[in-house]
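# Descriptive structure summary
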Amino acid sequence: MNGIVDASEMISRVFSNIEASDMDNANKLTSIWKKVVRGIKNNRDEMYGEKIASHSDLVDFKNGQLLIETDHSGWIQAMQMYSKFIIRGMNMSIGENGPKVEGLVFRLKGNTTTLFDTYESQMKKYQEKMEMQAAADEKAMDVYSAKSGACGANSDSTTGKKQENLKKELPADFLAKLASLESSVLTNSKNK
């Protein structure tokens with residue numbers, strides 16, 4: 001065979017890793033999906049849900065997210081308008097003991113985006129946002145330290161005025177936390 005595997009052997013290898021219960025669940029979800037989407041009604045078109053169902057397919061389900069594939073971006077917009085109906089209908093049909101549908105993710109036919117790709121990109125965006133927030137917080141603390149005379153700055157009357165002006169600019173909850181921190185530091189240094 002010189003490293004060449006025949007098609008039936010390759011298919012049996014792929015499907016041997018898939019449990020029968022997973023296939024059953026996938027088939028149930030797909031049939032529920034079609035039933036719920038077909039139930040969409042529109043004032044102008046009684047068959048609107050049937051049209052959406054014929055132009056869309058359930059591709060994957062992970063972490064409460066359904067990956068839906070459509071053949072045109074217009075069908076994605078239509079499903080987004082009815083997303084609450086679809087999610088509620090899916091959860092009602094699945095029942096309390098089944099997996100809970102929390103959201104819909106869409107892609108166009110021919111696109112190979114997976115739910116894992118979507119999750120990874122969302123996590124990357126979140127991480128970037130958190131890093132930017134941390135940098136902004138650090139900068140704000142540096143500005144506060146410079147204005148308040150913290151970290152060994154002179155404690156003359158000008159610095160005292162700067163501190164009072166700064167306290168007027170900061171949020172009350174931040175000032176309360178700062179006062180608590182100052183008192184605990186002072187208490188600990190007196191006990192030594």
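Preceding this paragraph is the structure being described.
Computed from a predicted model, the values in this text were never measured in an experiment.

### What about the overall build of the chain?
Scanning the chain from N- to C-terminus turns up eight helices and three strands. Taken across its 192 residues, the chain has 24% of its residues classed as buried. Of all intrachain contacts in the chain linking residues separated by at least 6 positions in sequence, the fraction that spans at least 24 positions is 57%. Working note: accessible area of the chain is about 14200 Å², and carbon and sulfur atoms make up 54% of it.

### Looking at helix α4 (residues 73-81)
Looking only at α4, the buried set comprises W75, I76, A78 and M79. All buried residues of α4 project into a common sector of 160 degrees when viewed along the axis, lining one side. Looking at α4, the residues exposed on the side facing more than 90 degrees away from the buried face are Q77 and M81.

### Some remarks on the side chain of E69
Within the secondary structure, E69 sits in strand β2 (residues 65-70). With sequence-adjacent residues up to four places away left out, E69 is seen in contact with H55, S56, D57, V59, R107, L108, K109, G110 and N111.

Quick notes on the rules
- Residues numbered from 1 in each chain as written.
- Predicted model: local features only at pLDDT ≥ 70, side-chain atom pairs only at ≥ 80, totals over all residues.
- Heavy atoms only, no water.
- Helix = DSSP H or I, 4+ residues; strand = E, 2+ residues; numbered from the N terminus.
- Buried < 20%, exposed > 50% of the residue type's maximum accessible area, 1.4 Å probe, protein only.
- Contact = heavy atoms within 4.5 Å.
- Areas by Shrake-Rupley, 256 points an atom, 1.4 Å probe, with all protein chains shown as cover.
- Arc of directions from axis to C-beta.

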